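# Coordinate inspection notes
The primary structure of each chain is shown beneath.
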Amino acid sequence: MPPQTRRMAFPKVVIERETDSEQSSSEEDEADVEQEEEEALESENKGKVEEALDEKKKGKAPITISLKKVCKVCKKPGHEAGFKGATYIDCPMKPCFLCKMPGHTTVACPHRVATEYGVVPAHHKSTRNALEYMFERQIRPRVPPIKPAYVIPDQVSCAVIRYHSRRVTSLEFHPTKNNILLSGDKKGQLGVWDFVKVHEKIVYGNVHSCILNNMKFKPASDDTVYAASSDGTISCTDLETGISVSLMNLNPDGWQGQNSWRMLYGMDINAEKGAVLVADNFGFLYLVDTRSNDPTGKPILIHKKGSKVVGLHCNPVQPDLLLSCGNDHFARIWDIRRIEAGSSIYDLAHSRVVNSAYFSPVSGSKILSTSQDNRLRIWDSIFGNMDSPSREIVHSHDFNRHLTAFKAEWDPRDSSESLAVIGRYISENYDGAALHPIDFIDVSTGQLVAEVMDPNITTISPVNKLHPRDDVLASGSSRSLFIWKPKEKCEPVEQKDEGKIVICAGAEKKRNRKLGDGSDDSDDDKFRPKGKNLKSKKSALKSSQYTIKVKR
DNA sequence: AGTCTATGCCGCC
DNA sequence: TGGCGGCCCTAGAC
């Protein structure tokens, strides 16, 4: 149908109509709808129309009003993208949102249909070098041959605590007190929560003035924690007293503009050397002696100059091996005994920003990296070649703003070093609710072992930490914290052909995508799941039968 | 219910 | 090489 002109009395108002009749998806009487639209438009645009007439008198161009349905994503007519209920319809003009390849949409993406499809098999190259020789001799014997059964925390244990006023950026379990979880937020506050006593929590508000990016306990000192922040300082906080001292301040002269303001992101501790290692947003690494609180040597450029170094990790077996990752699309391995700009042992290339990279927790022989290109990568120094990843697993965690960066983390208790946990960005339509699961992935096969979700948790959970000693998962989602435990008191877990379990608490109710918050805005304790239908912790726990459903 | 926004990276010019 | 606009499912405050 060609564009029509309406109402000859207003000759220069051009209405463009939907031309693609195939797209008429609705059973409604379209003529009526269009009639209404026309009337509405007419009255709405009367002013404009008069203007148009005036302008016409002055000899100006006519106004064109489009009634075409236009895709919100690509702005082109003929199709629509966006949520239909709880299912997101991709724009066919864009590459797949999940794997980034053209030719299909997310719904049809082979990686979504079966995650193992996206796994690149391991290389079996036999190149030898000093690092591999060391791993073979010292570490290989420690790698257990048998993979134990996974214990997946699957049930929200003590619901929600919401004491942070901004989104959660960092979580850490206490090294000896099993019930204590530390949390840091975008505002720089440090929370200490006893998640068994639930109501016992402390929030230290003066530790940092902006984003608390990383924290680590001081070795052999249970109640002292270091934290690195975008305010450019390293803090050392006594958890009992809340007294915090600054180990280093990279912005002693205060704000001199964003070109000079230094922010600290990656941090780890080398216990042997008694050093805190931190890295900034300009590509530099700093070593600080924990006894003297003085920097050791000069800052060292370890990533592209001017780029953010977001992660540092010392090898659990060989603490002199340092792993760094950052915005220059690389993760790099260093020997801190001989570290200088350009002296990296390996440069692990990624196609986009690397959110995190961690050595495996037991042998330290594998590396798990999370990149903004929607892929998890496994780099295996024993069976693989560090020139390329031994596994690439397509997984939705690409989001560039508003959320804390997703980081895949190893299960610290999995001696086979194959289980990883990471939150998922893309939602799953679960009984009409769009939920964002927390994924447990067997990185040795690429299989999704479990997707953990709860209808009360409608927000994305980018921050996840598995307990080093218990079957507990802590999640940070927006401003809230969640503690998950295994479903011991519930029905036995059904397991069907794929072995892919959807774990869900109180999922009987159908809900809309937007559940709403249902809470006031105070920063008081909110020991309850979110959601309008659940007003209190008591009623929430009562109403939840914590059934398990198996996804086919 | 609608509007606004804090903000990070990427690609374009 | 730098500045600027644009984003695919944000979350929460007004």
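Keep in mind the model is a prediction, meaning the values are calculated, not measured.

Here is what the cut-offs are and how they apply
Residues numbered from 1 in each chain as written. Chains lettered and ligands numbered in written order. Predicted model: local features only at pLDDT ≥ 70, side-chain atom pairs only at ≥ 80, totals over all residues. Heavy atoms only, no water. Helix = DSSP H or I, 4+ residues; strand = E, 2+ residues; numbered from the N terminus. Buried < 20%, exposed > 50% of the residue type's maximum accessible area, 1.4 Å probe, protein only. Areas by Shrake-Rupley, 256 points an atom, 1.4 Å probe, with all protein chains shown as cover. Near = heavy atom within 4 Å. Polar contact = N/O pair within 3.5 Å; in protein donor to acceptor, adjacent residues only side chain to side chain. Patch = residues over 30% accessible without salt bridge, like charges linked within 9 Å, V, L, I, M, F, W, Y side chains within 5 Å. Salt bridge = Lys/Arg side-chain N within 4 Å of Asp/Glu carboxyl O. Pairing = 2+ DSSP bridges. Axes fitted to C-alpha atoms, helices over the stretch in contact; angles between N-to-C directions. Contact = heavy atoms within 4.5 Å. 1 Å grid on protein atoms, 1.4 Å probe; cavity = no way out; pocket = protein on both sides within 12 Å on 5 of 7 lines; lining within 4 Å. Points joined across faces, edges and corners; volume = space filled by probe spheres on them. Nonpolar A, V, L, I, M, F, W, Y, C, P; charged D, E, K, R; others polar. Phe/Tyr/Trp six-rings, centres within 6.5 Å; stacked < 30°, edge-to-face > 60°.

## Let's talk about the overall build of chain A
Helix and strand counts for chain A stand at five helices and 37 strands. Here chain A holds 552 residues, and the buried ones make up 52% of them. Of the roughly 26,100 Å² of accessible surface on chain A, 50% is carried by carbon and sulfur atoms.

## Side note on the protein's contact with DNA strand B
Around DNA strand B, the structure places K186, K308, N327, H329, R352, V353, N400, R401 and H402. In DNA strand B, the atoms that sit within 4 Å of the protein are 44% sugar and phosphate, with bases accounting for the remainder. In this structure, a base oxygen belonging to DNA strand B sits 2.2 Å away from a side-chain N or O atom of R401. A distance of 3.1 Å separates a base nitrogen of DNA strand B from a polar side-chain atom of H402.

## Quick look at the side chain of H208
Along the chain, H208 falls in the loop between β10 (200-204) and β11 (212-217). Within polar-contact distance, the side chain of H208 engages the side chain of S235 at 2.7 Å.

## Digging into a nonpolar patch on the surface
Side chains of V73, F83 and Y88 sit close together on the surface and give an oily, nonpolar patch of about 230 Å² of accessible area. You can see F83 is positioned in strand β4 (residues 82-84). A relative accessible area of 34% places F83 in the partly exposed class.

## So, the sheet that holds strand β20 (residues 321-326)
With antiparallel pairing, the four strands of this open sheet are ordered in space as β19-β20-β21-β22. Where the open sheet ends on each side, the last strands, each with one partner, are β19 (309-314) and β22 (346-349). Averaged over all pairs of adjacent strands, the angle between their axes in this sheet comes to 15°, without regard to strand direction. In this structure, β20 lies alongside strand β21 (residues 330-335), joined through five bridges in antiparallel fashion. Directly across from L323, in β21, lies its bridge partner I333.

## What to know about the environment of L466
Note on placement: L466 falls in strand β33 (residues 463-466). We classify L466 as buried; its relative accessible area is 8%. When the C-alpha atoms of L466 and S351 are compared, they prove to be 28 Å apart, with 115 residues separating the residues in sequence. Once you skip the residues sitting within four places of it in the chain, L466 turns out to touch P153, F173, W410, D411, P412, V421, F440, V472 and L473.

## Topic: the pairing of strand β28 (residues 419-423)
Burial analysis of β28 places five of its five residues in the buried class, the great majority of the element. Here β28 shows no split at all, with L419, V421 and G423 on one side and A420 and I422 on the other all buried. Two elements, strand β27 (residues 409-410) and β28, share two bridges in a ladder whose sense is antiparallel. Bridge pairing in β28 places E409 opposite V421.

## So, the layout of surface pockets
For the largest pocket, the calculated volume is near 1,200 Å³. Along its surface, the largest pocket is lined by 44 residues, and E172, K216, D268, H313 and K465 are the ones closest to its centre. Those elements that provide at least two residues to the lining of the largest pocket are β7 (168-173), β11, β15 (264-270), β19, β23 (354-359), β27 and β33. Along the lines of polarity and charge, the residues of the lining of the largest pocket split into 22 nonpolar, twelve polar and ten charged.

## Remarks on the packing of aromatic side chains
Under the counting rule described, the total for this entry stands at five aromatic pairs. When the centroid spacing of 5.7 Å and the interplanar angle of 70° are considered together, the rings of F97 and Y425 count as edge-to-face. Of this pair, F97 sits in the loop between β5 (87-89) and α3 (110-113) while Y425 is found in the loop between β28 and β29 (428-430), placing the two residues 328 residues apart along the sequence. The class of F97 is partly exposed, set by a relative accessible area of 28%. On the basis of relative accessibility, which here comes to 16%, the residue Y425 falls in the buried class.

## Topic: unusual backbone geometry
The backbone of K100 sits at a positive phi, close to 70°, despite the residue not being glycine. One non-glycine residue, H329, lies in the positive phi region at around 75°.

## Some remarks on the pairing of strand β8 (residues 180-185)
Most of β8 sits inside the fold, with six of its six residues counted as buried. Residue alternation in β8 divides its side chains into two sets, I180, L182 and G184 and L181, S183 and D185, and both sets are buried. Strand direction decides the pairing type here: β7 and β8, joined by five bridges, are antiparallel. Within the sheet, the bridge partner assigned to F173 lies in β8 and is L181.

## Things to note about the pattern of salt bridges
Evaluated as defined, the whole model comprises 22 salt bridges. Close ionic contact of E200 with K197 constitutes a salt bridge, the shortest N to O distance being 4.0 Å. The exposure class of K197 is exposed, given its relative accessible area of 52%. The salt bridge partner of D398 is R352, with a shortest N-O separation of 3.6 Å.

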